[in-house]
Amino acid sequence: MAAGKSERLLNLLIMLLVQRHYVSKAKIREILYPDSGFEAFEKMFERDKEELRSLGVPIEVGTLDPLFDDEPGYRISPDDFALPDITLTPDEAAVIGVATKVWQHARLAEATTEAVRKLAAQGHDLDLGALDIVEPRLSADEPSFDVFWEATQERQAVVFDYLKPGDEEPTTRHLQPWGVARYAGRWYVVGLDTDRRAERIFRLSRVQGRARKSGRGGAYEVPPGTDVSEVARRLAPQPSTTRVELLVRRGAGHTLRVGADRVEEGVPGPDTATAWDRLVLERGSLGLADEVLGYGADVLVVSPPALRERVVGRLRAALDDRRTVTS
């Protein structure tokens, strides 16, 4: 099933990234493909390797023992996998932002933990700091995210109540989801509205109550050539942007930096523990609030005041919730 493939690819990425030395194919099969026969494993492993490479993941092949020409081993060098200093368009920066958000999605976070747990249990020498490269800071915290994510992978219809802007009461919608995308700081599900027989997008924060999967899996196919992100950009309301000024701790906030219009290094910050940089961006403040919160004390909002107030309000609410739990 596709969801299993997603978790398997993530596990393979994690396994090869945290290894300090080459890991054998036999060990990879033992940990990640335990239920596959030899031939099935060979085909699956080759496909998974090529898929990761097609995504730009530099998988190295080398010998396990430099003194002997034995079986090959595999690893991912954190230095090669880390992003260089590059300039991205706002749309390209948004794609990277989606990757970091989805990484922290509950299902994939479980897969990450499982891969590391198995390796640690077998006494492998791991470099867990290598995982900092991708900065898994943000989560998809929409209550309905799980249902739409799973239904997308399983090709299963979803039924949900949706409140359109301006409506007083929600209406029941039936959707064959093609994918989930983040655009202008909001999560959208894209798919075929079977009541209207047309492609539609729905903002997940407007889903009322509990979305539920309906019917059997594999019930439909996504139209060939569908670009879910493109559909979201085309059908979603055009976002409003504002000038945002942030103070970012040196060495932090990589996804913010690549999307910044200007970076001023070595400016005064809220503390003197490390150096600080000033970032100026043109962004929608709603999505940026979530991103800033993910960096904790490494990012401070200077302006606009509305964004600063939103971040402070979210932090106070989280603190109140924690006090309620511990009291």
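- The name an unreviewed UniProt entry assigns to the protein chain is WYL domain-containing protein, from the organism Nocardioides flavescens.

1. Section: unusual backbone geometry
Okay, step 1: Backbone torsion omega between Ser303 and Pro304 reads 5°, so that peptide bond is classified as cis.
Okay, step 2: Look at Arg155: it is not a glycine, yet its phi comes out positive at around 55°.
Okay, step 3: Even without being a glycine, Arg197 presents a positive backbone phi close to 55°.
Okay, step 4: For Arg197, the location among the structural elements is in the loop between strand S6 (186–193) and strand S7 (198–203).
Okay, step 5: For Arg197, a relative accessible area of 59% translates into the label exposed.

2. Some thoughts on the side chain of Asp298
Okay, step 1: Following the sequence through the fold, Asp298 ends up in the loop between helix H10 (285–294) and strand S12 (299–303).
Okay, step 2: Asp298 gets classed as buried once you look at its relative accessible area, which sits at 19%.

3. Structural notes on the sheet that holds S12
Okay, step 1: Read across the open sheet, the 4 strands follow the order S10-S11-S9-S12; overall the sheet is antiparallel. Each edge of the open sheet is held by one strand with a lone partner, namely strand S10 (262–267) and S12. Recorded for the sheet is a direction-independent mean angle of 25° between the axes of neighbouring strands.
Okay, step 2: Pairing of strand S9 (residues 242–249) with strand S11 (residues 276–283), which is carried by 8 bridges, proceeds in the antiparallel orientation. What sits directly across from Val244, in S11, is Leu281.

What counts as what
- Here the residue index of a chain counts from 1 through its sequence in written order.
- Only residues with pLDDT of at least 70 are given local features in this predicted model, and only at 80 or more are side-chain atom pairs given and counted; all residues enter the totals for whole chains, interfaces and linings.
- Values shown for side chains rest on all heavy atoms present in the structure; no hydrogens or waters enter the calculation.
- Secondary structure elements follow DSSP: runs of H or I no shorter than four residues count as helices, runs of E no shorter than two count as strands, and numbering proceeds from the N terminus.
- Whether a residue is buried, partly exposed or exposed follows from its accessible area with a 1.4 Å probe, protein chains only, as a fraction of its type maximum: under 20%, in between, or over 50%, in that order.
- At least two bridges found by DSSP between two strands are what make those strands a pair.
- In this analysis an axis means a line fitted to C-alpha atoms, helices contributing only their contacting stretch, and an angle means the value between N-to-C directions, from 0 to 180 degrees.

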